[in-house]
Amino acid sequence: MNDRGQVFTLDMFFALTLTALLVSCSGLALEQVRRQMDDYLLRYSLEQTAIKAADVLVRTNGTPADWWTRPTYLETVGLSQTGSDGAPIPNCLSVVKLENLRQLCQANTWERQPNISRAIMGLFDNSEKFEILLIDENTGENLWPPVYPCWDIRPSGADNSLEVIIVKRLIATDVRKENIIENLVHLSKPPYYLVYFNVDPGELNTRDWYVVLTRHLPPPPVQPEVRIWVNRNPPDGGGDWDFKSLPDVSPFRIRYDGIDYPDGSDYAFPVPLREGQNFIWIRVSGKYAPVDVSIISLPRKSPTKLVELPPTATLVVKLWR
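Rules used in this analysis
Residues numbered from 1 in each chain as written. Predicted model: local features only at pLDDT ≥ 70, side-chain atom pairs only at ≥ 80, totals over all residues. Heavy atoms only, no water. Salt bridge = Lys/Arg side-chain N within 4 Å of Asp/Glu carboxyl O. Helix = DSSP H or I, 4+ residues; strand = E, 2+ residues; numbered from the N terminus. Buried < 20%, exposed > 50% of the residue type's maximum accessible area, 1.4 Å probe, protein only. Disulfide = S-S within 2.5 Å. Contact = heavy atoms within 4.5 Å. Core = buried A, V, L, I, M, F, W, Y, C linked by side-chain atoms within 4.5 Å.

## A few points about the pattern of salt bridges
So, step 1. Under the counting rule described, the total for this entry stands at 17 salt bridges.
So, step 2. Measuring nitrogen to oxygen at the nearest pair gives 2.8 Å for the salt bridge that ties D55 to R169. Here R169 lies in strand 7 (residues 164–173) and D55 lies in helix 1 (residues 2–59), a separation of 114 residues in the sequence.
So, step 3. Note that R283 and E225 form a salt bridge whose closest N and O atoms lie 4.0 Å from each other. You can see R283 sitting in strand 15 (residues 276–285) and its partner E225 sitting in strand 11 (residues 225–230), a full 58 residues away along the chain.
So, step 4. Judged by its relative accessible area of 12%, R283 falls in the buried class.

Shown next, in the form of structure tokens:
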């Protein structure tokens, strides 16, 4: 009887041990599943926040619609261009608004004006862990400095984060190439080229206008000389030009903030732009590298450096934890 009782007790011990192991393994498995579910839900939530933020940025003006001129009233950020009827133009990015958002994220503003910081973070589920980029999708090159909180004193933190969600939106910029003539060279004698472009009704007061010279790389020891005349024919001998390069360097401002030739002109009485058809004459001298000449327009009072942006780009929104 004692032997049978001992066997029974030993069997129970093994059974209980096995049961404990099974329960323990099941508990670990359940904990692993729970953690995976938590990770999935966190990632899903992060993805949805990033998607929503990207759509709001490229499809809305924000609240109020002129937030970028009155940042203290900011409720929601929107970066779309505004149509003539005041409605947003979806997927048409205002780089001027993007730059204003970047300045609001500068440390001095971000840390000292919490009402602005909270309004911007509201788009990202009240998180500071976001970054906005404007890139050339073909090359991956940054076309504009990144936007994130306190960008002037610290890195964004995306590179050292556990998980980063990236959402992209193909957009048009508000840089408009009105016309271009490429590969202009000096031949047997300095040639003249004629380029037309149009100014639509109302645009004299809503857009700025530039002549941009793009020289081919690598640059030769001596660059070709380019002379420009706007809305007038070159005089005999090619004198009295409006713009000349070299020594001056483009872009040249034909009209900026409603003022014709704000930087001056080599001609005593420059001809202003007008609604409808306008033109420029171009003269290239010097048997060296070719040059491209384009007419670019930007929204009024835009930073001049915007002329370097392509007409299309990719807006990238990063969100992480």
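What follows continues from the structure just given.
## Considering helix 2 (residues 95–104)
So, step 1. Of all 10 residues in helix 2, eight are buried, a share of seventy percent or more.
So, step 2. All buried positions along helix 2 are accounted for by V95, V96, K97, L98, E99, L101, R102 and L104.

## Considering the state of the cysteines
So, step 1. All chains considered together, the criterion is met by zero disulfides.
So, step 2. C105 carries a free sulfur, and the closest cysteine sulfur to it, the one in C150, is 8.4 Å from it.
So, step 3. Judged by its relative accessible area of 0%, C105 is buried.

## Examining unusual backbone geometry
So, step 1. Residue P64 follows T63 across a cis peptide bond; omega there is -10 degrees.
So, step 2. Among the structural elements, P64 can be located in the loop between strand 1 (62–63) and strand 2 (76–77).
So, step 3. Here the bond from S250 into P251 is cis, since omega is 10 degrees, no more than 30 degrees from zero.
So, step 4. Looking at where P251 falls in the secondary structure, it is placed in the loop between strand 12 (243–245) and strand 13 (252–256).
So, step 5. Despite not being glycine, D125 shows a phi value in the positive range, around 55 degrees.
So, step 6. You can see D125 is positioned in the loop between helix 4 (114–121) and strand 5 (130–135).
So, step 7. For Y261, which is not a glycine, the phi torsion comes out positive at approximately 50 degrees.
So, step 8. Mapping Y261 onto the fold places it in the loop between strand 14 (259–260) and strand 15.

## Brief notes about the side chain of T109
So, step 1. Note on placement: T109 falls in helix 3 (residues 107–112).
So, step 2. Using a relative accessible area of 15% as the deciding quantity, one classes T109 as buried.
So, step 3. Apart from residues no more than four positions distant in its own chain, T109 is found in contact with Q103, L104, I116 and S117.

## Let's talk about the nonpolar core
So, step 1. Core analysis: the largest hydrophobic core is formed by 51 residues, its most contacted members being V77, L101, I120, F124, I132 and L134.
So, step 2. Sorting elements by how many residues they give to this core places helix 1 first, with seven residues.
So, step 3. Look past the residues within four positions of F124 in its chain and what remains in contact with it is T49, A53, F130, I132, V317 and L319.
So, step 4. Core analysis: the second largest hydrophobic core is formed by 23 residues, L184, Y193, V226 and I295 among them.

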